[in-house]
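Report on the structure
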Amino acid sequence: MLSNKGSQIRPSSTLAIDAKAKQMQVDGIDVVGFGAGEPDFDTPDHIKEAAIKAIEEGFTKYTPASGVLQLKEAICRKLEEDNGLHYESDQIVISNGAKHSLMNVFQAILNPGEEVIIPAPYWISYSEMVKMADGIPVIVKPHKENNLKVVLEQLEAAVTPRTKAIIINSPSNPSGMLYHREELQEIAEFAVRHNLFVVSDEIYEKLIYGDEEHVSIASLGQDIYERTIVVNGVSKSYSMTGWRIGYTASSREVAKLMGNIQSHATSNPNSIAQRAAIAALTGPQEPLKVMKEAFNERRIYMYNRIKAMPYLELLEPKGAFYVFVDVSALFGKSCRGETIRSAADLARLLLEQVQVAVVPCEDFAYETHIRLSYAISMENIRKGLDRLEAFLKEIE
Ligand SMILES: *Cc1c(COP(=O)(O)O)cnc(C)c1O
């Protein structure tokens, strides 16, 4: 008999789609993969050089479990300059990616049966990580008219005496939506009123377009600062997904527990990658601007083209690198004799019939939607959207 808890954990469907598309490519099939969950740019050279130097200098041993002081200090400076947040280095815990940081957070704050409010659509790992920490995910789905964002009345309706925390992910994966200052203010007051932790996943903070700005909920007052755990990392902003460096900023109490937990689970994050992350945070920020410009161009192109296609509905994404498309108008229709009954059906047909990989969003709590990433080249975006358009012409 294997573990009951382990058996309840769903595999990551985004990684599964990506793997299937990559396998088709290996088999010589010309697939356009919109499943990517990572920037398609190379890690900037100055960051790679810092890592090479770390190896040459022999910086290849265990570091303190929660990370090296120099990186913690660089993170404190970043939080001060970018987010107006003041932290000391003993409030920072560096982990093996922001995903690992989140895992530590739930291990540190949850007792069995405690609930975590997760606004939908949500990044698929949140609910599974809460379950792994013996907590209960409580999914709150926005009303259609509220642009994929939850509102206060819904949160008030979801809260119970067992609610321990709420997760905020702005900009959001998969929706690309941002919570604005006034909306965050309301959520902050809600969290303080009910004595909740706020887990604020700000991993896409640097990928915000137009004249929108990022606001960290922790910056909205002392009360909310004390109960927020800011989660961030270098993966998405600096195109460093494979290096595995994420971090949290929190109260000393929470940081201490997370550090203790991590010290037994994994010990320190990779020493070489920590040096690379220092270079990312303290070095030139121009490469980031170049990536953001490219993402923005693709975002606008994709939004405009999909908006013009029949059956598909979407909101303009404001951040991250995804478009989140309502495909429910296709349900009940068919293509080449196959009926589309769900987003999963559609994703399968797109892959089989026109070799386009998209992510069906059942696991993001949105069975009416698919997610397409624009972290792929403009050439591939064009080709993929041409195929999608051709597919839709055959719908009857
Ligand atoms: C990619 C992603 C993360 C995790 O990033 P790491 O590579 O583990 O640092 C966390 N949250 C969201 C919403 C993401 O999309």
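We now turn to the structure provided with this report. None of the values given here were measured: they were computed from a predicted structure. In every chain, residue numbers begin from 1 and rise along the written sequence. At least 70 in pLDDT is required for a residue's local features to be given in this predicted model, at least 80 for side-chain atom pairs to be given and counted, and no such filter applies to totals for whole chains, interfaces and linings, which use all residues. In computing side-chain properties, one takes all heavy atoms of the structure into account and sets aside hydrogens as well as water.

**Overview of the sheet that holds strand β10 (residues 322–326)**
Sheet strands associate in pairs through backbone hydrogen bonding, adopting either a parallel or an antiparallel arrangement. Taken together, the four strands give an open sheet; going across it, the order is β9-β10-β15-β14, and neighbouring strands pair in antiparallel fashion. On the outer flanks of this sheet lie β9 (313–314) and β14 (359–360), each paired with one strand and no other. Sheet topology places β14 next to strand β15 (residues 369–373); two bridges connect them, and they run antiparallel. Pairing of Pro360 across the sheet is with Ile370, part of β15. By the convention used here, strands pair only if DSSP detects at least 2 bridges between them. Numbering of helices and strands runs from the N terminus; a helix is a DSSP stretch of H or I covering at least four residues, while a strand is a stretch of E covering at least two.

**Some thoughts on the pairing of strand β5 (residues 163–169)**
Buried residues dominate β5, accounting for seven of its seven residues. Where β5 lies against strand β6 (residues 197–201), five bridges are found, and the strand directions are parallel. Across the sheet, the residue bridging to Ile166 is Val198, located in β6. For the crossover that starts at β5, traverses helix α8 (residues 181–193) and ends in the parallel β6, the hand is right-handed. Burial classes follow relative accessibility: with a 1.4 Å probe on protein chains only, a residue under 20% of its type's maximum area counts as buried, one over 50% as exposed, and anything between as partly exposed. Handedness of a crossover: with both strands directed away from the viewer, a clockwise path from the first strand across the helix to the second marks it as right-handed.

**Observations concerning helix α12 (residues 286–307)**
One fewer than the residue count of a helix, multiplied by 1.5 Å, yields its expected span. Helix length check: α12 (22 residues) gives 32 Å between terminal C-alpha atoms against 32 Å at 1.5 Å per residue, within 8%. For α12, the complete set of buried residues consists of Leu288, Met291, Phe295, Asn296, Arg298, Arg299, Met302, Tyr303, Arg305 and Ile306. We call two residues in contact whenever any of their non-hydrogen atoms come within 4.5 Å of each other. In this fold, the buried residues of α12 make contact with β9, β10, β15 and α14 (378–393).

**Regarding the environment of Ile166**
On the secondary structure map, Ile166 appears in strand β5. Using a relative accessible area of 0% as the deciding quantity, one classes Ile166 as buried. Considering only alpha carbons, one finds Ile166 and Ile187, 21 residues apart in sequence, at a separation of 9.1 Å. Apart from residues lying up to four places away in sequence, Ile166 is in contact with Ile117, Leu155, Ile187, Phe190, Phe197, Val198 and Val199.

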